[in-house]
Amino acid sequence: MKRITLCISGGIVLLLSPMVHAEPVGVQVERMVITNPVESSNLKGAYTSLDLWITHSEIVGLGNGAEVVSASDDVGTNLLEGDSPFDHDPASSGYFMPHQMTVNTEEQWLRVPVFLPAIPHQDAKTVHMELSLELLMGSDGTKTVIVDDVDLSHIPGWGVDVGVEGKTLTCRDERRERPEDQPLELYCFVREGDLLGIKVPGQDDSMEPGHPDANLVVAGAREGVTLEVELPQTSERHLPVQLEFGLGLHQGSVHEFPE
């Protein structure tokens, strides 16, 4: 497999509208990988993956309506046209990879992986992308979501995924050398957003996990578990974005888009 990693960081800040005083949203191409597998590889075709680094003081996640509208190089190659080497249709998630997203609300950033089922032409020098971002912004207050009938009887190494209002809650057992210990202690997180709290309703709240990374204690049965999940209240912000960046290992650009 031939893999080329282009580290694109730093650069010039572009202010699209200096008269707008609202805090802009920063969008940067942080990393780009071009994979062109050899014939002996198990992969079916070439593809491009990149990470977008999005910053704003209120950002807590990416909405389900976000999508890559277009992506092409300066030779005319359409990077959205190609056969995915994996068992999924990248267009179904807007060419984003939500399960690999990470968010840090304390440091005010969101890292969003993008999957494009084609690679730039060998003579290309730049790539142009048009995005329709749907950003989730935090607001005052929290909301509580009840999730019923969760099966925690078997926790694989990568964790158990539970759907919570269109997001994925992942719970992992950090004590895998003692999987039968009671009570069960799990580390749970929402990759596409922020998790403020999680517990089993009606259970003794004084039960604290012994493992330093665990944030959920489950006593008793591990099948048919009810979870009480606390999430931040959010509002949606829609933002059209146009990015153009070089394919060389040279300094890239941070773009700022007014809301």
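To start, this report covers the structure provided alongside it. Model, not experiment: these values are computed from the prediction. (Residues numbered from 1 in each chain as written. Predicted model: local features only at pLDDT ≥ 70, side-chain atom pairs only at ≥ 80, totals over all residues. Heavy atoms only, no water.)

**Structural notes on the pairing of strand E3 (residues 25-36)**
The buried count for E3 comes to nine of 12 residues, which makes it a mostly enclosed element. With nine bridges joining them, E3 and strand E4 (residues 47-55) adopt antiparallel strand pairing. Counted as the bridge partner of Val29 is Leu52 from E4. (Buried < 20%, exposed > 50% of the residue type's maximum accessible area, 1.4 Å probe, protein only. Helix = DSSP H or I, 4+ residues; strand = E, 2+ residues; numbered from the N terminus. Pairing = 2+ DSSP bridges.)

**So, the pairing of strand E9 (residues 126-150)**
Pairing of strand E5 (residues 59-62) with E9 involves three bridges; the strand directions are antiparallel. Each residue of the ladder has a partner; that of Ile59, found in E9, is Met137. For strand E6 (residues 67-73) and E9, the ladder comprises six bridges, and the chain directions are antiparallel. From the neighbouring strand, Asp73 faces E9, where its bridge partner is Val127. In terms of strand pairing, E9 meets strand E15 (residues 225-246) through 20 bridges, oriented antiparallel. Of the residues in E15, the one forming a bridge with Val145 is Val229.

**A few points about the nonpolar core**
Residues Leu52 and Leu133 are the most contacted members of the largest nonpolar core, which totals 37 residues. Those elements giving two or more residues to this core turn out to be E3, E4, E5, E6, strand E8 (109-116), E9 and E15. With 23 residues, the next largest nonpolar core counts Val145, Leu184, Ile198 and Val225 among its residues. (Core = buried A, V, L, I, M, F, W, Y, C linked by side-chain atoms within 4.5 Å.)

**Brief notes about unusual backbone geometry**
Most peptide bonds adopt trans geometry, and most residues besides glycine take a negative phi value. A positive phi angle is found at Tyr95, which is not glycine, with a value near 70°. When you line up the elements, Tyr95 lands in the loop between E6 and strand E7 (102-104). Among the residues examined, Tyr95 registers a relative accessible area of 13% and is labelled buried. Not every positive phi belongs to a glycine, and Asp149 is a case in point at roughly 60°. With respect to the secondary-structure elements, Asp149 resides in strand E9.

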